[in-house]
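Single-letter residue listing:
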Amino acid sequence: SIALPVVVEGRIDGALMVYADEVAAFDDTARVLMEDLAADLGYGLTRIRDAERLAEALSSSVFVLAAAVESRDPYTAGHQSHVGVLSGEIGRELGLDDERVEGLVLGASIHDLGKISIDEVTLVKPGELTPEEWDALREHPETGFRITSRFPWPWPIAEMIRQHHERLDGSGYPRGLSGDEILLEARIIAVADL
């Protein structure tokens, strides 16, 4: 048998153990190849953990963005995170895989990101909005799209945000999409956002 350390981030994280059915089966060449394999395993584990940390950082960044938007509008405080949780539940109920649900939750959690460009007076205004204020408010999906489309998300987050006020009958905004023209995730967010 041969046992070699698997080193991850400078520390021994485990061992690669290989057994043979004959004595002295591992010569110097075999030992060198096994050492390379143990090193490759350590590198692979490091990359997996780096990816997990990156995913956690991405999620944290999304929730910071959501908090920034909600801090400007006390009425919607907690609203985006609630829509994110509800959207995730709907997505799971519909049978979406875990990866797609993760993207859905993140997109739903910042679906109102574009409101960051809306005048704070309009956001917190009691009573009816003027037609001009409604026009400005209806721009938030496009604004959110422009902000989020700059990032290489592994999910269609920018389109989720852009389409979350579209309606199946075509009466929504900003582009008047209907039916299957609307991304499934955006349809889910629209339901959770009611």
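Please refer to the structure higher up on the page.
So, here is what we can say about the structure in this document. Everything quoted here is computed from the prediction, not taken from an experiment.

The first and last C-alpha atoms of helix α2 (residues 79–93) sit 21 Å apart over 15 residues, in line with the 21 Å expected at 1.5 Å per residue. For α2, the set of buried residues is Gln-80, Val-83, Gly-84, Ser-87, Gly-88 and Gly-91. Mapping the buried residues of α2 onto a view down its axis gives an arc of 140°, with all of them on the same face.

All chains considered together, the criterion is met by eleven salt bridges. Note that Glu-185 and Arg-100 form a salt bridge whose closest N and O atoms lie 2.6 Å from each other. Of this pair, Glu-185 sits in helix α8 (residues 184–192) while Arg-100 is found in helix α3 (residues 98–109), placing the two residues 85 residues apart along the sequence. The shortest N-O distance in the salt bridge between Glu-159 and Arg-162 comes to 3.0 Å. A residue pair is termed a helical-turn pair when its members lie 3 or 4 positions apart in one helix, as Glu-159 and Arg-162 do in helix α7 (residues 157–163) at three residues. Looking at Glu-159, the relative accessible area reads 21%, which means it is partly exposed. Linked by salt bridges that have partners in common, Glu-142, Glu-159, Arg-162 and Arg-175 make up one network.

This brings us to the pairing of strand β1 (residues 2–8). Side-chain direction in a regular strand flips from residue to residue, so the side chains alternate between the two faces of the sheet. The alternating pattern of β1 places Ile-2, Leu-4, Val-6 and Val-8 on a buried face, while none of Ala-3, Pro-5 and Val-7, on the opposite face, is buried. For β1 and strand β2 (residues 11–18), the ladder comprises seven bridges, and the chain directions are antiparallel. Bridge pairing in β2 places Ile-2 opposite Val-18. Connecting β1 to the antiparallel partner β2 that follows it, the hairpin turn spans two residues, and Glu-9 within it adopts a positive phi of roughly 55°.

Here we come to the nonpolar core. Formed by 19 residues in total, the largest nonpolar core has its most connected members in Ile-110, Ile-157 and Ile-189. Counting residues per element, the ones that place at least two in this core are α1 (28–71), α3, α7 and α8. With four residues, α3 is the single largest residue contributor to this core. If you look at the next biggest cluster of nonpolar residues, it comprises seven residues, including Leu-4, Val-8, Leu-16 and Ala-38.

Next up on the list: the packing of α1 against α2. Orientation of α1 relative to α2, taken along the N-to-C sense of each, is 135°, at an axis distance of 8 Å. Taken together, α1 and α2 sit at an angle that is classed as oblique. Counting all contacts with α1, which are made through Ala-66, Val-69 and Glu-70, the residues of α2 involved are His-79, Gln-80 and Ser-81. For the contact of α1 with α2, the per-class residue count stands at two nonpolar, three polar and one charged.

This next bit is on the environment of Tyr-173. Within the secondary structure, Tyr-173 is located in the loop between α7 and α8. A sequence separation of 31 residues divides Tyr-173 from Glu-142, and the C-alpha atoms of the two residues are 9.5 Å apart. Ignoring sequence-local partners within four residues, the contact set of Tyr-173 consists of Arg-138, His-140, Pro-141, Arg-162, His-165 and Glu-166.

Procedures and definitions
- What you see as residue numbers is a count from 1 along each chain, following the sequence as written.
- Residue-level local features of this predicted model are given only where pLDDT is at least 70; pairs of side-chain atoms are given and counted only at 80 or more, and the full residue set underlies all totals for whole chains, interfaces and linings.
- To obtain the side-chain values, all non-hydrogen atoms of the structure were used and water was disregarded.
- By the criteria applied, helices consist of DSSP H or I runs no shorter than four residues and strands consist of E runs no shorter than two, each listed in order from the N terminus.
- Given the number of residues in a helix, its expected span is that number minus one, multiplied by 1.5 Å.
- In this scheme, a residue with accessible area under 20% of its type's maximum is buried, one over 50% is exposed, and one in between is partly exposed, where area comes from a 1.4 Å probe on protein chains only.
- Relevant arc is that of directions from the helix axis to the C-beta atoms, nothing else.
- A side-chain nitrogen of Lys or Arg and a carboxyl oxygen of Asp or Glu constitute a salt bridge if their distance falls within 4 Å.
- Criterion used throughout: strands pair if DSSP finds at least two bridges between them.
- Within this scheme, the nonpolar core is defined by two criteria: the residues are buried Ala, Val, Leu, Ile, Met, Phe, Trp, Tyr or Cys, and they are joined through side-chain atoms within 4.5 Å.
- Inter-axis angles, ranging from 0 to 180 degrees, are taken between N-to-C directions of lines fitted to C-alpha atoms, where helices are fitted over the stretch in contact.
- Roughly parallel means an angle under 35 degrees; roughly antiparallel means over 145; roughly perpendicular covers 65 to 115; every other angle is labelled oblique.
- Residue contacts are defined here by distance: any two heavy atoms, one from each residue, within 4.5 Å place the two residues in contact.
- Note that Gly is not counted as nonpolar here; it falls among the polar residues with everything else outside the nonpolar set of Ala, Val, Leu, Ile, Met, Phe, Trp, Tyr, Cys and Pro and the charged set of Asp, Glu, Lys and Arg.

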